[in-house]
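Inside the fold
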Amino acid sequence: MQELFYYDGEFYEKGNALVHLEDRAFQMGDGIFEVLPVYDGKIFAMPQHVARYTKSMRDLVIPIVDPDEDMINVCQELISRSGIEFGQIYIQISRGQWPRQLNYPLQCFPHIAMTIRENLIDIDAQEQGIACSLEEDIRGLRCDLPTLNRLGNAIAMEAARNKHCQNAVLYRKDTNQITEAANANFFIYREGILWTHPANNLILPGITREIILKELLPALGITAVEKAVTPEFAYGAEEAFITATDMEIQPVIRLNNHRIGEGTPGPVTKKILAAFQEYVDVELSKLNFGPKETEISEAVLANTSFKN
């Protein structure tokens, strides 16, 4: 098994892919990303990830030059060539290469980069829970777009590490309301209701979040409210957890030196996690990758090569 890179039609081993100095992703953070989870050699929730990718591209007026089928074929080829069965595929789209300017270039051609790496779910975090610090949300006002501008997230995560915490829960200082975690969506369970921030411009609406709200909670009989809460309200929660593609669900047992509930993963969180893992298994069982599905299209192979 090995990490593998793909850039504009060619496959590369680690450390051999190059990006131009005037790529707008490098100079402006002008682009979007998407992360695909790989379980047992299969991509989970591909339609939802493709839908979010497509919406993000359109919102940022970046032309979509690769059909969905070709994108999926390249992802399958990354899995096949790398030998990675449990991991994640990171996709990054840059607006393209152009002399530095703020205006969108009119004749710019997007660049696509992909990376596949192993990603084993942190079972210890799921079973024991994690501690989170509370950090000010200093990001901009379009957090709903998975753009490459992640400095605010990185600053919050570093602050959490310096406080010996595994993640950071963000709050807007002007409203004193929690938005999400540095790299995940945030939920609390209090008085029989599951609370999470609404899917507006202040959070990145995660695919795991969507599955929990739309697919799992109705079947579990759990009521959810999409409403912002204050840190003080969260401190009084019986349970809390964060969700993201690369972590599934992680219980939060401490927030800013406040113990959440009993200080251990709670029964509701465990129930939702078990339901999510069962949902993943069921959905993956529907993906029968026979020769037709796994065969890389001639159009893709004609425009790809491997460089070491």
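**Some remarks on the overall build of the protein chain**
For the protein chain, the count of helices and strands is ten helices and 16 strands. Computed over the C-alpha atoms, the radius of gyration of the protein chain is 20 Å, within 12% of the 19 Å expected from 2.2 N^0.38 for a compact globule of 308 residues. Along the first, second and third principal axes, the C-alpha set of the protein chain runs to 60 × 45 × 30 Å. Counting only residues that meet the buried cut, the protein chain has 50% of its 308 residues in that class. In the protein chain, 73% of the contacts between residues at least 6 apart in sequence involve partners at least 24 apart. Accessible surface, the protein chain: about 15,300 Å² in total, of which carbon and sulfur atoms supply 51%. Averaging the locations of the 28 positively and 43 negatively charged side chains of the protein chain gives two centres separated by 6 Å.

**What to know about helix α8 (residues 267-285)**
With 19 residues, α8 should cover 27 Å at 1.5 Å per step; its first-to-last C-alpha distance of 27 Å lies within 8% of that length. When α8 is considered as a whole, its buried residues turn out to be V268, T269, I272, L273, A275, F276, Y279, V280 and L284. Along the axis of α8, the buried residues cluster in a sector spanning 165 degrees; they form a single face. Summarising the geometry of α8, the exposed residues directed more than 90 degrees from the buried face are P267, K270, E278 and D281.

Scoring rules and cut-offs
Residues numbered from 1 in each chain as written. Predicted model: local features only at pLDDT ≥ 70, side-chain atom pairs only at ≥ 80, totals over all residues. Heavy atoms only, no water. Helix = DSSP H or I, 4+ residues; strand = E, 2+ residues; numbered from the N terminus. Rg over C-alpha atoms; globule rule 2.2 N^0.38 Å. Buried < 20%, exposed > 50% of the residue type's maximum accessible area, 1.4 Å probe, protein only. Contact = heavy atoms within 4.5 Å. Areas by Shrake-Rupley, 256 points an atom, 1.4 Å probe, with all protein chains shown as cover. Lys, Arg positive; Asp, Glu negative; His and termini not counted. Charge placed at Lys NZ, Arg CZ, Asp CG, Glu CD. Expected span 1.5 Å × (residues − 1). Arc of directions from axis to C-beta.

So far we have only geometry, and geometry alone does not tell us how the molecule works.
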